[in-house]
Amino acid sequence: MKFIHCADLHLDSKMESIFPTNLAKVRKREILDTFKRMIDYACENDVKAILISGDMFDTSKVQARTKEYIIDLINEHKNIDFLYLCGNHDENNFVKTLDVVPSNLLTFTDNWGSYRYDDIVITGVELNSVNNKVIYTTLDLNENDVNIVMLHGQESMYDTKMDADIINLKALENKHIDYLALGHIHSYKVERLDKRGKYVYSGCLEGRGFDECGEKGFVLVEVENKKVKHTFVPFANRRLHEENVDITGLESLRSLEKAITDKTNSINPDDLVKVNLVGTYTTNTKKDILRFNQLLENKFFFGRVKDKTTIKINIDDYKNDISLTGEFIRTALQSDESEELKGDIITLGLRALRGEDLE
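Residues numbered from 1 in each chain as written. Predicted model: local features only at pLDDT ≥ 70, side-chain atom pairs only at ≥ 80, totals over all residues. Heavy atoms only, no water.

### Quick look at the packing of aromatic side chains
Threshold: What counts as a ring pair is set by centres within 6.5 Å for rings of Phe, Tyr and Trp (its six-membered ring), and what kind of pair is set by the plane angle: stacked under 30 degrees, edge-to-face over 60, tilted for all other angles. Elements are defined by DSSP. Helices are runs of H or I of four residues or more, strands are runs of E of two residues or more, and each kind is numbered from the N terminus. Relative accessibility under 20% of the residue-type maximum defines a buried residue, over 50% an exposed one, and the middle range a partly exposed one, all with a 1.4 Å probe and only protein chains included. Charge-over-ring contacts are defined here by two conditions on Lys NZ or Arg CZ: a distance within 6 Å of the ring centre and an angle within 35 degrees of the ring normal.
Under the counting rule described, the total for this entry stands at 8 aromatic pairs. When the centroid spacing of 4.6 Å and the interplanar angle of 25° are considered together, the rings of Tyr188 and Phe232 count as stacked. Of this pair, Tyr188 sits in the loop between β10 (179–183) and β11 (189–192) while Phe232 sits in strand β14 (residues 227–234); the two residues are 44 residues apart in sequence, bridging distant segments of the chain. The class of Tyr188 is partly exposed, set by a relative accessible area of 30%. An aromatic cluster is built from Phe19, Phe210 and Phe302, whose rings are joined through pairwise contacts. One Lys or Arg, Arg37, reaches over the ring of Phe235 and ends 4.5 Å from the middle of that ring. Directly above the ring of Phe301 sits Arg238, whose terminal nitrogen or CZ lies 3.7 Å from the centroid.

### As for the nonpolar core
Operational definition: We define a nonpolar core as any set of buried Ala, Val, Leu, Ile, Met, Phe, Trp, Tyr and Cys residues linked to one another through side-chain atoms lying within 4.5 Å. Contacts are residue-level and defined by heavy atoms, with any inter-residue pair within 4.5 Å sufficient.
Ranked by size, the top nonpolar core spans 41 residues in total, and within it Ile4 and Ile50 carry the most contacts. Of all the secondary structure elements, the ones that give two or more residues to this core are β1 (2–6), α1 (21–44), β2 (47–53), α2 (64–76), β3 (81–85) and β13 (217–224). Per-element tally for this core: the top contributor is α1, with 9 residues. With residues near it in sequence (within four places) discarded, Ile4 still touches Met38, Tyr41, Ala42, Val47, Ala49, Ile50, Leu51, Phe218, Val219 and Leu220.

### Some thoughts on the pattern of salt bridges
Let me state the cut-off plainly: By salt bridge we mean one thing: a side-chain nitrogen of Lys or Arg within 4 Å of a carboxyl oxygen of Asp or Glu.
In the structure shown here, the tally under the stated rule is 19 salt bridges. Residue Arg116 is joined to Asp145 by a salt bridge in which the shortest nitrogen-to-oxygen separation is 2.9 Å. Placement of Arg116 in strand β5 (residues 113–117) and of Asp145 in the loop between α3 (135–138) and β7 (146–152) is noted, with a sequence separation of 29 residues between them. You can call Arg116 exposed: its relative accessible area is 52%. When the shortest N-O distance is used, the salt bridge between Asp307 and Lys287 registers 2.6 Å.

### Section: α1
Our working definition: For a helix, the expected span equals 1.5 Å multiplied by the number of residues minus one.
The end-to-end C-alpha distance of α1, which contains 24 residues, comes to 35 Å, matching closely the 34 Å that a straight helix rising 1.5 Å per residue would cover. For α1, the full list of buried residues reads Leu23, Ala24, Arg27, Glu30, Ile31, Leu32, Thr34, Phe35, Met38, Ile39, Tyr41 and Ala42.

### As for helix α7 (residues 339–353)
Turn by turn, an α-helix covers 3.6 residues, leaving residues three or four places apart pointing in a common direction. Our working rule: A 3.5 Å cut-off defines polar contacts: any pair of N or O atoms within that distance qualifies, except that in protein one atom must be a possible hydrogen donor and the other a possible acceptor, and neighbouring residues in sequence count only when both atoms are side-chain atoms.
In this model α7 runs 21 Å from its N-terminal to its C-terminal C-alpha over 15 residues, within 8% of the 21 Å that 1.5 Å per residue would give. Residues of α7 that are buried: Lys342, Gly343, Ile346, Thr347, Gly349, Leu350 and Arg351. Where α7 is buried, its residues meet β17 (280–281), β19 (310–311) and α6 (324–333). Regarding α7, its N-cap is Ser338, as a side-chain oxygen of that residue lies 3.1 Å from the backbone nitrogen of Leu341 further along.

### Structural notes on the sheet that holds strand β15 (residues 240–246)
To keep things clear, this is the line we draw: Strands pair, by our definition, only if DSSP identifies at least two bridges between them. The axes are straight lines fitted to the C-alpha atoms, using for helices just the contacting stretch, and the angles between their N-to-C directions are given from 0 to 180°.
Strand order across the open sheet formed by 3 strands is β15-β16-β18, with parallel pairing between neighbours. The open sheet terminates on both sides in strands that have one partner only, identified here as β15 and β18 (302–307). Direction aside, neighbouring strands of the sheet carry axes that sit 20° apart on average. The sheet contact formed by β15 and strand β16 (residues 272–278) spans 7 bridges and is parallel.

### Some remarks on the sheet that holds β1
Pairing is mixed across the open sheet formed by 6 strands, whose spatial order is β4-β3-β2-β1-β13-β14. Two strands close off the open sheet at either side, each with one partner strand: β4 (105–107) and β14. Strand-to-strand twist in this sheet, taken as the mean axis angle between neighbours without regard to direction, amounts to 25°. Pairing between β13 and β14: 8 bridges, direction antiparallel. Following the sheet pairing, Val223 is matched in β14 by Val228. α1 rests against β1, β2, β3, β13 and β14 of the sheet, and its axis sits at about 150° to β2.

### A word on the state of the cysteines
Here a disulfide denotes a covalent bond joining the sulfur atom of one cysteine to the sulfur atom of another. Quick reminder of the rule: When two cysteine sulfur atoms are found within 2.5 Å, that pair is recorded as a disulfide.
Applying the stated rule across the entire model yields 0 disulfides. Considering cysteine sulfurs only, Cys204 is the nearest to Cys6, which forms no disulfide, with 11 Å between them. A disulfide-free cysteine, Cys213 has its sulfur positioned 10 Å from the sulfur of Cys204, the nearest such atom. Among the residues examined, Cys213 registers a relative accessible area of 27% and is labelled partly exposed.

Structure (structure tokens):
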């Protein structure tokens, strides 16, 4: 029997703070489309149920059309069960707002609940600040079943007095768990829970920002003869990449441009790319961030350059320089501004002194 384990879909995310408005809208639609494609994959591969381990939505406020679209998808696929466990982002369960809940949309509460598929039992609970202190003692699983447990939270190896979304892995050891299907961490991760089982974070289906780079997708869980195996399935429509380009020793505009191009040549043009310029530069370095941004924008679905370099100046070289450039650099270096701001001031000032366009 096959199951899909996914989490952290964050449907209806607002991404205008990361991308221009037009691209943010495209990415919002693409994330919803990836969820639909995953359901199509489930149909094509005889998947019995899709386990959503929290954060289906980004906030408790879900657009009516998004909610309607999700419910229509679920109703169209009665042969697949959707086991939905709320996370910290969608703790106000949207199911409670439905007039009619699809029969194949199965949910959990703040007490352990289970759904049986022959000798496979899927058990889950939605964490809060009260039940997190007692759930570990109330989990009762039959060792003769294949036990899949769903939770949403941050892994920990000890008990805490704090957040509701902390999962004490130590307290789940030797509970007859074969596969612990987790959500909350946005990258795929698998570790041994105990001698019997493993705990797995599926990661998110699509990266939404540059803190979510790399392969994204879901986990295909297959149970045969009471043996559980799982496979990570990369499934994102686009990947996000963050690359560092060290410009130390480079001075000409073309050499910097070539360094950026060489670093990003192997990346799919349909992806999203952030390049961090790092290292040091001198007063002779010809940086043009607007030009570099345009280079990436023309090459990829989305591209951005972030200047994280620091200027390298030997003040002794300008101690006796009576030119306007020397006077300007001495004044800037002796100011009370931060080193980063001094570098920005000197860079812009030197460009102005050379008659370059500052826009």
